[in-house]
Amino acid sequence: MNCEDSLMSTITSEATTMKTNGQLAAGGGDGKFPKPVQSVNVLTQIKTTDIHSKKFMMEGSKSSDSWNISDENELDNHFPNRRFNLFVGTWNMQRCKVPPNIDDFILAGEQQSDVYVIGIQEAPSDIKNWQIRLQETLGPNHALAHSSSHGVLHISIFVKRHLIWHCSDFVECKITTRPISQIKTKGAIGISFRFFGSRFLFLNSHFHSGQTKTNERIEDYNKITQELKISSSGGSNGKSKHKSDIITRSVVPST
């Protein structure tokens, strides 16, 4: 008997011996899902209703900028000096295949960052493979918190696993600067989210190329700043025109 046969034998043996209320938990023969097996929970239980509403995440169930003492304590536990390491990278990949190794791009510092924001332009066609390569490079300590694509633009946000619960309220806004909006080769993706109560905005953009296209590049910038609307309260696409709108305070596009 080889290792695979031994493993399957063990799984089959366990599946046919677990019982709930006197009925077998697996192999019912009626084509229905097996009944759940009760178990002892070491960690505090989270209700499925809370998971749907994201109440287990900091700020996840809050629509305002409220901040309480428990949030303050969490921040002090993770960042007592109120500083965290942030990596922001941008790369025009020119539709190339996903490289087998991107260590020199992602792991440029002496230590891993807490948050990674990676924006690419002219992205490869296999975005899924690109995400896998990012995860392989960062290792098991980081998890993908959010990602978004817009034509040939793509942006990924990875956060340390024990910090990902403190990210919330992800908001996107996508802009096309081509005259024909269906052609999404030039434009921008804006992503805003809250991290320990502070809201961050990241913008990945792709302008007209070439030193002779200065006017076109300026027009790209102006259109993005005018149409990209992400408010400090998390609204997007012009839904909030509050004077503290993030986009009116700071826009730093990448090309």
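Before going into details, it helps to say that this report is about the structure given with it. Note that residues are indexed from 1 along each chain, following the sequence as it is written. Local features are withheld for residues below a pLDDT of 70 in this predicted model, meaning they are given only at 70 or higher, and side-chain atom pairs are given and counted only at 80 or more; totals for whole chains, interfaces and linings count all residues. Water and hydrogen atoms play no part in the side-chain values, which are based on all heavy atoms of the structure.

## Topic: unusual backbone geometry
Notably, Arg95 is not glycine yet its phi reads approximately 60 degrees, a positive angle. Tracing the chain through its elements places Arg95 in the loop between strand S3 (86–92) and helix H4 (103–106). Phi is positive for Asp169, close to 55 degrees, though the residue is something other than glycine. By the secondary structure assignment, Asp169 is in strand S7 (residues 167–176). Each helix corresponds to a stretch of at least 4 residues labelled H or I by DSSP, and each strand to a stretch of at least 2 residues labelled E; elements are numbered beginning at the N terminus.

## Topic: the sheet that holds strand S8 (residues 187–195)
When DSSP finds two or more bridges between two strands, those strands count as paired. If you trace the three strands from one edge of the open sheet to the other, you get S7-S8-S9, paired in antiparallel fashion. Edge positions in the open sheet fall to S7 and strand S9 (198–206), since each of these has one partner strand only. Here the average twist between neighbouring strands, direction ignored, is 15 degrees. Bridge count for S7 against S8 is eight bridges, and the pairing is antiparallel. Counterpart to Cys173 in the pairing with S8 is Gly190. Across the sheet, helix H6 (residues 214–227) is in contact with S7, S8 and S9; its angle to S7 comes to roughly 135 degrees. Every axis in this analysis is a line fitted to C-alpha atoms, fitted for helices over the stretch in contact. Angles between the N-to-C directions lie between 0 and 180 degrees. Contact definition: two residues touch when any of their heavy atoms are within 4.5 Å.

## Thoughts on the environment of Leu163
Within the fold, Leu163 resides in the loop between strand S6 (153–160) and S7. Using a 1.4 Å probe on the protein chains alone, a residue whose accessible area is under 20% of its type maximum counts as buried, one over 50% counts as exposed, and one in between counts as partly exposed. Under the relative-accessibility criterion, Leu163 is labelled buried at 1%. In the structure, Leu163 is positioned 85 residues away from His78 in sequence and 8.4 Å away in space, judged by C-alpha atoms. Discounting chain neighbours no more than four positions away, the residues touching Leu163 are His78, Phe79, Asp114, Phe195 and Phe196.

No statement about biological role is implied by the geometric values presented.
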